[in-house]
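Chain by chain, the residues:
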Amino acid sequence: MLTISGALHAKILAHARADHPDEACGVIAGPAGQDRPERFIPMVNAERSPTFYRFDSMEQLRVWREMDDRDEEPVVVYHSHTATEAYPSRTDIAYASEPGAHYVLVSTREPDEAEFRSFRIADGAVTEEEIRVVADGPAE
Amino acid sequence: MAIEIRIPTILRTYTGGAKSVEGSGATLADLLDDVESRHGGLQARLVDDAGLRRFVNVYLNDEDVRFLGGLSAPVKDGDTVTVLPAVAGGMR
């Protein structure tokens, strides 16, 4: 199950809407081993594409080092689909490389209706999980 | 002195769980050959017949090695090589 604050949930949706019709992507870092998303980090989609995303390699290095220095890990890896459902595509599954992360997918295909779903992707297998949106704590 | 290679979580099965390993060589290709001799299987996750795999990022110190000549990038003692799987996907 993904437990996420209402504020972070809203930030992901806002980023997805802002970048539409391109796919938006980013991570939420949290303290290592605690499964608690806390620090919102929107990333540049280096592909600037409506059908593909890839973190910019230099930005990724900087962000991953920063997480390392702060003893954090990528708790959530999110991206949007702009014309299809919020479900991992074959491409998403093929490139998923953080087996410990919650993969959040948002669909912006409907202008006034948000799809927000969360998955585990490990060894080519996709498992959807429940999402619990909680009141914003002091950490946020 | 040696060259440090930082390994991402998903590839630590090849390093006995170690976050980093050491090796030596004059180029990135040499270094990966050297590391492969102690951590079998790692090289194939980073390199294919065409060179560095497209969805693996390899950095030499603070630079993406793709901008430094890829596998032929020169390396030296004291350098740090960082491996990060690309975060990518999408509807396509």
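The rules we used
- Residues numbered from 1 in each chain as written.
- Chains lettered and ligands numbered in written order.
- Predicted model: local features only at pLDDT ≥ 70, side-chain atom pairs only at ≥ 80, totals over all residues.
- Helix = DSSP H or I, 4+ residues; strand = E, 2+ residues; numbered from the N terminus.
- Rg over C-alpha atoms; globule rule 2.2 N^0.38 Å.
- Buried ≥ 20, exposed ≤ 12 C-beta atoms within 10 Å, placed from the backbone.
- Core = buried A, V, L, I, M, F, W, Y, C linked by C-beta atoms within 7 Å.
- Contact = placed C-beta atoms within 7 Å.
- Nonpolar A, V, L, I, M, F, W, Y, C, P; charged D, E, K, R; others polar.
- Pairing = 2+ DSSP bridges.

(A) Local environment of the overall build of chain A. For chain A, the count of helices and strands is three helices and nine strands. Order of helices (α) and strands (β) in chain A, N terminus to C terminus: β-α-β-β-β-α-β-α-β-β-β-β. Against the compact-globule benchmark of 14 Å for 140 residues, chain A has a radius of gyration of 14 Å, which places it among compact chains. In terms of overall dimensions, chain A has a C-alpha envelope of 35 × 35 × 30 Å along the principal axes. When each of the 140 residues of chain A is scored for burial, the buried share is 39%.

(B) Expanded view of the overall build of chain B. Along its length, chain B carries two helices and eight strands. Reading chain B from its N terminus to its C terminus gives the helix and strand order β-β-α-α-β-β-β-β-β-β. Relative to the 2.2 N^0.38 estimate, which gives 12 Å for 92 residues, the radius of gyration of chain B is 13 Å and therefore close to what a compact globule would have. Principal-axis analysis of the C-alpha atoms gives chain B an extent of 45 × 30 × 25 Å.

(C) Quick peek at the nonpolar core. Membership of the largest hydrophobic core comes to 28 residues, with the highest contact counts inside it found for Val-76, Val-77, Tyr-78, Tyr-103, Val-104 and Val-106 of chain A. Those elements giving two or more residues to this core turn out to be strand 1 (2-5), helix 1 (6-19), strand 2 (25-31), strand 5 (72-81), strand 6 (102-107) and strand 7 (115-122) of chain A. Leaving out residues up to four positions away in the same chain, Tyr-78 of chain A has contacts with Ile-12, Cys-25, Gly-26, Val-104 and Val-106 of chain A. In terms of nonpolar packing, the next biggest core, distinct from the first, is built from 19 residues, Ile-7, Leu-46, Val-47 and Leu-60 of chain B among them.

(D) Focus on the interface of chain A and chain B. Chain A puts 24 residues into the contact, and the matching count from chain B is 16 residues. Elements with a minimum of two residues in the side of chain A that touches chain B: strand 4 (53-54), helix 2 (57-69), strand 5 and helix 3 (90-95) of chain A. Per-element tally for the side of chain A that touches chain B: the top contributor is helix 2 of chain A, with five residues. Classifying every residue of the side of chain A that touches chain B gives 10 nonpolar, 11 polar and three charged. The pairing of strand 4 of chain A with strand 8 (residues 88-89) of chain B spans two bridges and is classified as antiparallel. When the bridges of strand 8 of chain B are listed, Tyr-53 of chain A appears paired with Gly-89 of chain B.

(E) Broad picture of the environment of Pro-50 of chain A. All names here are of chain A. Examined against the element boundaries, Pro-50 turns out to sit in the loop between strand 3 (39-43) and strand 4. Here Pro-50 falls in the partly exposed class, since 19 other C-beta atoms lie within 10 Å of it. Residues Pro-50 and Glu-128, spaced 78 residues apart in sequence, show a C-alpha to C-alpha distance of 24 Å. Dropping the residues within four chain positions of it, Pro-50 is found in contact with Pro-21, Asp-22, Glu-23, Thr-82 and Ala-83.

(F) Molecular detail of unusual backbone geometry. All names here are of chain A. Between His-20 and Pro-21 the backbone carries a cis peptide bond, its omega angle lying at 15°. Along the chain, Pro-21 turns up in the loop between helix 1 and strand 2. Notably, Arg-48 is not glycine yet its phi reads approximately 40°, a positive angle. Assignment of secondary structure puts Arg-48 in the loop between strand 3 and strand 4. For Arg-48, a count of 12 C-beta atoms within 10 Å translates into the label exposed. The backbone phi angle of Asp-71 is positive, close to 55°, even though this residue is not glycine.

(G) Spotlight on the environment of Glu-73 of chain A. Residue and element names in this part refer to chain A. Along the chain, Glu-73 turns up in strand 5. C-beta crowding within 10 Å serves as the criterion here: with 20 such atoms nearby, Glu-73 is assigned to the buried category. A C-alpha to C-alpha distance of 19 Å links Glu-73 and Val-44, two positions 29 residues apart in sequence. Residues contacting Glu-73, with those up to four places away along its chain left out, are Ala-29, Gly-30, Ala-32, Met-67 and Gly-100.

Taken by themselves, the reported measurements are silent on function.
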